[in-house]
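Each chain, written out:
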Amino acid sequence: MTAPGRYTKTLTLGHRQHGVITLTLAALMLAITAFLALSVDTGRLFLEKRTLQRQADLAAIETSLAYCRDQSLNASELLATAQAALASERNNFRGDTSGISVLLGQVSSVEDGNGGRFKQFSADTDGKAVQVSLSRSVRASLFGSLVPSGSNTITLQAQGTALACQPLASLHIR
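Residues numbered from 1 in each chain as written. Predicted model: local features only at pLDDT ≥ 70, side-chain atom pairs only at ≥ 80, totals over all residues. Heavy atoms only, no water.

A. Looking closely at the overall build of the protein chain. Along its length, the protein chain carries four helices and four strands. Each helix and strand of the protein chain, placed in order from N terminus to C terminus, yields the pattern α-α-α-α-β-β-β-β. Here the protein chain holds 174 residues, and 26% of them are scored as buried. In the protein chain, the proportion of contacts linking residues at least 24 apart, taken out of those at least 6 apart, comes to 58%. (Helix = DSSP H or I, 4+ residues; strand = E, 2+ residues; numbered from the N terminus. Buried < 20%, exposed > 50% of the residue type's maximum accessible area, 1.4 Å probe, protein only. Contact = heavy atoms within 4.5 Å.)

Okay, here's the thing in structure tokens:
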């Protein structure tokens, strides 16, 4: 018991933890912002890679169709055909045309060692398959300007292969 007239101050839980909530909210907001930056950048890079793969497949199909019509096309004419297929006004290819390469070759079926098979492309000037390789540099992070670092670009690559003079689809009815 205290003597009359004396005042004792008791510390409550709120007084001892004054400011802890502010620090916790600041740390939580930082974590949420970092997660948002990571998810936005990952989604954007996935979409860029998917778009580049679609464009590589499209260029391979169109170049193989041109090669099927005229099998005397040389490498520079095949490259010009692929570049025309990827023209920005036709298919919105935003990469540099120096990042496009075209190869003729063969597609063969190879065993993977587990009882399965996969298709493999091998370069051959007398081949009946066309492989188009694309590469494009994109910004690594939209939020990279906030944190200075060395390189802020990533080079994405995609390859598309199509057989010349082969049907693109077939329908079998019993």
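B. Up close: the state of the cysteines. Inspection of the entire model under this criterion finds one disulfide. One disulfide in the model links Cys68 with Cys165; its S-S distance is 2.2 Å. On the sign convention where negative is left-handed, the bridge of Cys68 and Cys165, at about 120 degrees about the S-S bond, is right-handed. Separated by 97 residues along the polypeptide, Cys68 in helix H2 (residues 20–69) and Cys165 in the segment after strand S4 (153–163) bring together distant segments of the chain. (Disulfide = S-S within 2.5 Å.)

C. View of helix H3 (residues 75–85). All of the buried residues in H3 are Leu78, Ala82 and Ala85. All buried residues of H3 project into a common sector of 60 degrees when viewed along the axis, lining one side. Tucked into the core, H3 has its buried residues touching H2, helix H4 (88–91), strand S1 (100–111) and strand S3 (129–139). (Arc of directions from axis to C-beta.)

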